[in-house]
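Report on the structure
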Amino acid sequence: MFRFCRRIVGSYCESRSTFCLRLFGVLVAVQFIVSVATGQRGDVATPWPFFKPTPQNVTYRIGERAVMKCRVANLESRTITWRRHGQTHPLTIGEFTFAPDPRLSVDHDQKTDEWSLVIEDVRPDDEGSYLCQITVKTDPNKYSYRIQLNVKTVRLTGTEYVELGRPIRLLCNASSGRRYDHIAWFFEDRPVDADVTSGLFITTKFETRSVQSTVVIAKSGARHQGVYECRTSGGDTDSMAVHVLDDFLINQRKRNKGIFADRIIGEDGSGRKMPTRASTAVHDSALSIWLQLSLLPSAIYRLILF
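Parameters at a glance
Residues numbered from 1 in each chain as written. Predicted model: local features only at pLDDT ≥ 70, side-chain atom pairs only at ≥ 80, totals over all residues. Heavy atoms only, no water. Core = buried A, V, L, I, M, F, W, Y, C linked by side-chain atoms within 4.5 Å. Buried < 20%, exposed > 50% of the residue type's maximum accessible area, 1.4 Å probe, protein only. Helix = DSSP H or I, 4+ residues; strand = E, 2+ residues; numbered from the N terminus. Contact = heavy atoms within 4.5 Å. Pairing = 2+ DSSP bridges. Axes fitted to C-alpha atoms, helices over the stretch in contact; angles between N-to-C directions. Phe/Tyr/Trp six-rings, centres within 6.5 Å; stacked < 30°, edge-to-face > 60°. Lys NZ or Arg CZ within 6 Å of the ring centre and 35° of its normal. Disulfide = S-S within 2.5 Å. pLDDT = per-residue confidence, 0-100.

A separate point is the nonpolar core. Counting 28 residues, the largest nonpolar core has Phe51, Met68, Ile80, Trp82, Tyr130 and Leu149 as its most contacted members. Of all elements in the fold, only β4 (57–61), β5 (66–73), β6 (80–84), β9 (104–109), β10 (114–119), β11 (128–134) and β12 (144–152) reach the threshold of two or more residues within this core. By residue number, the principal contributor to this core is β5, which donates five residues. Those residues in contact with Leu149 that sit more than four places away from it in its chain are Val58, Tyr60, Ala66, Met68, Ile119, Val122, Asp126, Glu127, Gly128 and Tyr130. With 21 residues, the next largest nonpolar core counts Val192, Leu200, Val211 and Tyr228 among its residues.

Here it is as structure tokens:
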């Protein structure tokens, strides 16, 4: 279209005023701007590829399956290459893996044009920045999508829900391959120390490539409900919330969630089944009948008086 307009204006302006020549120059400039903005070359449209938004900061625990997603539009015949930031050797090119590590692979979803770098059994040394690049003749860094992979080396597990008076047991496992001097415990951002008189015990076991620390509260109370956190000397942390339930809260939780066979974790990690739906229904029916019978004499007395 622009060529046709230029041809007409050019032939019209051959023997006319300077104004027409200026108009001709404007058309040429507009054509150049539009071609750059839309990726056109002449009259043939060749749209430029671009990255669609995906998470650029992902976190996984040791041993999990780490997935870094890269979604591209207008890829056409171009190729996706994955590499670690700062390294020239590619990890993957297209659907082929060139890394010697068998844990690495690429997952391609043709429906969404998503190219995901997958790392099985992720380790601390996998942490870092990764680049999803589109192969173009120009500077490849111009078409790079950077994703930061974080690997948590500390995992806190244990009692999440506990009946009032039952023990609480929390286990902090740090296995990064580095040497830790100690593990510190915190409750609601306040330091936690062992106190035998109140039934709070802390034991720590150091191994070659890991360290384990355990907190045991012999008898849980309402004051023990809150967020617990363990921190290593290397600055790695993990946290979890502990809920202490009395009889009312246990029944309320069952009604709200519709769960009549929930498990309350004990000190040894085992659990016991809560009353079933049938037994709870029978108990409620018996209670209702008893309340009605207890009110019957009072109703008869009022009828006699009035």
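This paragraph deals with the sheet that holds strand β21 (residues 237–245). Strands sit in the order β14-β21-β20-β16-β17 across an open sheet of five strands; the sheet is mixed. Bordering the open sheet on either side are β14 (161–163) and β17 (190–192), each of which pairs with just one other strand. With strand direction ignored, the average angle separating the axes of adjacent strands in the sheet is 35°. With five bridges connecting them, strand β16 (residues 183–187) and strand β20 (residues 226–232) associate as antiparallel partners. Looking at the pairing, Phe186 lines up with Glu229 of β20.

Residue position: Phe187 is located in strand β16. Classification of Phe187 by relative accessible area gives buried; the value is 11%. Distance from Phe187 to His224, taken between C-alpha atoms, is 8.6 Å for residues 37 residues apart in sequence. Those residues in contact with Phe187 that sit more than four places away from it in its chain are Val192, Arg223, His224, Gln225, Gly226, Val227 and Tyr228.

Adjacent strands of a sheet pair through backbone hydrogen bonds, lying either parallel or antiparallel. Judged by pairing direction, the sheet is mixed, and its six strands sit side by side in the order β4-β12-β11-β6-β7-β8 without closing on themselves. Since the sheet does not close on itself, it has two edges, and those belong to β4 and β8 (96–97), each with one partner. Bridge count for β11 against β12 is six bridges, and the pairing is antiparallel. When the bridges of β12 are listed, Cys132 appears paired with Tyr145.

Across residues other than glycine, the phi torsion is negative in most instances, and most of the peptide bonds are trans. Positive phi, normally seen in glycine, also occurs at Asp113, with a value near 55°. Mapping Asp113 onto the fold places it in the loop between β9 and β10. Residue Asp113 is classed as partly exposed on the basis of its relative accessible area of 31%. Non-glycine residue Glu188 carries a positive phi angle of around 55°. Relative to the helices and strands, Glu188 is located in the loop between β16 and β17.

Per the stated rule, a full pass over the model turns up three aromatic pairs. The interplanar angle of 15° and the centroid separation of 6.3 Å between the aromatic rings of Trp48 and Tyr143 together place this pair among those described as stacked. One end of the pair, Trp48, is in the loop between β2 (44–45) and β3 (50–52); the other, Tyr143, is in the loop between β11 and β12, with 95 residues separating them in the sequence. Stacked on the ring of Phe186, the Lys or Arg Arg231 has its end atom at 3.8 Å from the ring centre.

Summed over all chains, the structure comprises two disulfides. Here Cys70 engages in a disulfide with Cys132; their sulfurs sit 2.1 Å apart. Judged by the sign of its S-S torsion, about -75°, the cystine formed by Cys70 and Cys132 is left-handed. Of the two residues, Cys70 sits in strand β5 while Cys132 sits in strand β11, which places them 62 residues apart along the sequence. One exposure class covers both Cys70 and Cys132, and it is buried. With its sulfur 2.2 Å from that of its partner, Cys172 forms a disulfide with Cys230. Judged by the torsion about the S-S bond (75°), the Cys172/Cys230 disulfide is right-handed. Remark: Cys230 occurs in strand β20 and Cys172 occurs in strand β15 (residues 168–174); sequence separation between them is 58 residues. According to the relative accessible area criterion, Cys172 is buried, its value standing at 0%. When the bonded cysteines of the protein chain are numbered from the N-terminus onward, they pair as 1-2, 3-4.

The subject of this paragraph is the confidence of the model for the protein chain. Averaged over the protein chain, the pLDDT score is 76; the fraction of residues at 70 or greater is 62%. The model gives residues 299–306 a pLDDT under 50, and that stretch makes zero contacts with residues more than four places away or in other chains.

Our focus in this paragraph is the pairing of β11. Of all seven residues in β11, seven are buried; the element is thus mostly enclosed. As defined by bridge partners, β6 adjoins β11 across five bridges and the pair is classed as antiparallel. Of the residues in β11, the one forming a bridge with Thr81 is Gln133.

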